[in-house]
Amino acid sequence: MAIGGLLVLSACTPAPPGTGVATPPGSTSSTPGATTPGTSTAAPTTVPAYKPATAKGPAQNVPVPVLPAKAKEFSKEGLIAFAEYWYSTLGYVYETGNSAPMMAVTEPDCKTCAFINEPLGAWYDEGGWIVGGLMTVYSSTSTFSESSSGSYQVNLMVQQSQVSSYASDASLNSKRDPSVAQGDIFVATYANGQWTARTAEPLEGG
């Protein structure tokens with residue numbers, strides 16, 4: 001199964017998680033070896049480091065995209081923030097094969113999503129993985145005008161990086177060169193205090 005030929009829209013690369021535990025403001029360090037009655041000393045919690053996929057294996061400890069507060073607003077800025085968040089969940093699908101975060105904010109009958117999610121999920125289930133395939137979002141704009149169907153649109157300019165798929169035995173299955181920048185159209189609706197993606201497709205002539 002060739003993965004590199006899939007129609008891909010866009011994805012922002014999630015930032016690696018931080019490590020360690022921050023010291024609360026106003027706190028002080030104890031003298032080495034001293035203990036405070038009624039307290040116990042616990043070792044700092046270390047967050048596993050994010051490791052992108054390579055030809056040797058799939059990505060590890062990929063952080064789940066977090067919906068920003070702005071993306072919950074019913075506003076032009078909120079719609080654009082939501083669109084960009086959605087594309088980060090698409091990147092998560094490519095890095096992990098897990099489409100749950102994307103579909104949690106997407107209509108279940110999104111055909112474009114199924115075209116990407118189903119083969120990617122199956123590829124990972126078979127032990128394969130993807131290197132690359134993430135998208136750079138160069139611009140995001142919207143008129144914030146409601147359509148007759150009650151939806152709103154965002155136009156984005158995106159570019160996809162090289163896509164390489166590896167089988168479970170680490171053999172290269174397919175490879176596709178980086179794409180040129182193209183225009184995408186993202187459609188969403190707003191109800192019950194939240195945005196829901198309806199579809200995302202390349203603009204005609206994009």
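None of the values given here were measured: they were computed from a predicted structure.

Focus: the overall build of the chain
So, step 1. In terms of helices and strands, the chain carries three helices and seven strands.
So, step 2. Ordering the α and β elements of the chain from the N terminus gives α-α-α-β-β-β-β-β-β-β.
So, step 3. The 206 residues of the chain split such that 40% are buried.
So, step 4. When contacts within the chain are restricted to residue pairs at least 6 apart in sequence, long-range pairs at least 24 apart make up 65% of them.
So, step 5. Just so you have it, the chain exposes about 11200 Å², and 54% of that area is on carbon and sulfur atoms.

As for the packing of helix α1 (residues 76-96) against helix α3 (residues 111-125)
So, step 1. Interaxial distance between α1 and α3 falls to 8 Å at its minimum, and their mutual angle equals 30°. Accordingly, the angle class assigned to the pair α1 and α3 is roughly parallel. On α3, the residues that touch Trp86, Leu90, Val93, Tyr94, Glu95 and Thr96 of α1 are Cys113, Ile116, Asn117, Leu120 and Tyr124.
So, step 2. Taken together, the residues of the contact of α1 with α3 sort by class into eight nonpolar, two polar and one charged.

Quick notes on the state of the cysteines
So, step 1. This model, assessed by the stated rule, comprises one disulfide.
So, step 2. There is a disulfide in this structure between Cys110 and Cys113, and the S-S distance comes to 2.3 Å. Handedness here is read from the sign of the S-S torsion; for Cys110 and Cys113, about 75°, the answer is right-handed. Cys113 shares its class with Cys110; the two are buried.

Comments concerning α1
So, step 1. Taking 1.5 Å as the rise per residue, α1 with 21 residues should run 30 Å; its terminal C-alpha atoms sit 31 Å apart, in good agreement.
So, step 2. Counting buried positions along α1 yields 17 of 21 residues, so the element is predominantly enclosed.
So, step 3. A positive phi of about 80° marks Gly97, the residue just after α1.

Re α3
Given 3.6 residues per helical turn, the α-helix brings residues three or four places apart onto the same face.
So, step 1. If you check α3, its first and last C-alpha atoms are 21 Å apart, about what 15 residues at 1.5 Å a residue would give, namely 21 Å.
So, step 2. All of the buried residues along α3 are Thr112, Cys113, Ile116, Asn117, Pro119, Leu120, Gly121, Trp123 and Tyr124.
So, step 3. Lining the buried residues of α3 we find α1, α2 (100-103), β1 (129-132), β4 (163-166), β5 (172-176) and β7 (194-202).
So, step 4. Phi turns positive, to about 100°, at Gly127, one or two residues after α3.

Overview of the sheet that holds strand β6 (residues 182-191)
So, step 1. Strand order in the open sheet formed by four strands is β2-β3-β6-β7, with antiparallel pairing between adjacent strands. Single-partner strands in this sheet number two, and they are β2 (135-141) and β7. On average, each strand axis in the sheet is inclined to that of its neighbour by 30°, with strand direction left out of account.
So, step 2. By the bridge criterion, seven bridges tie strand β3 (residues 152-160) to β6 in an arrangement that is antiparallel. Looking at the pairing, Gln153 lines up with Val187 of β6.
So, step 3. Most of the contacts of α1 go to β7, to which it runs at about 65°, and overall it touches β2, β3, β6 and β7.

Concerning the environment of Glu84
So, step 1. Mapped onto the elements, Glu84 comes out in helix α1.
So, step 2. Classification of Glu84 as partly exposed rests on a relative accessible area of 32%.
So, step 3. Residues Glu84 and Val154 lie 70 residues apart in sequence; the distance between their C-alpha atoms is 9.5 Å.

Some points on the pairing of β3
So, step 1. Every second residue of β3 is oriented toward a common face, the buried set being Tyr152, Val154, Leu156, Val158 and Gln160 and the non-buried set Gln153, Asn155, Met157 and Gln159.
So, step 2. Of the strand pairs in this sheet, β2 and β3 are connected by six bridges, and their pairing is antiparallel. Among the inter-strand pairings, Ser139 is bridged to a residue of β3, identified as Met157.

Conventions adopted
- Residues numbered from 1 in each chain as written.
- Predicted model: local features only at pLDDT ≥ 70, side-chain atom pairs only at ≥ 80, totals over all residues.
- Heavy atoms only, no water.
- Helix = DSSP H or I, 4+ residues; strand = E, 2+ residues; numbered from the N terminus.
- Buried < 20%, exposed > 50% of the residue type's maximum accessible area, 1.4 Å probe, protein only.
- Contact = heavy atoms within 4.5 Å.
- Areas by Shrake-Rupley, 256 points an atom, 1.4 Å probe, with all protein chains shown as cover.
- Axes fitted to C-alpha atoms, helices over the stretch in contact; angles between N-to-C directions.
- Parallel < 35°, antiparallel > 145°, perpendicular 65-115°, else oblique.
- Nonpolar A, V, L, I, M, F, W, Y, C, P; charged D, E, K, R; others polar.
- Disulfide = S-S within 2.5 Å.
- Expected span 1.5 Å × (residues − 1).
- Pairing = 2+ DSSP bridges.

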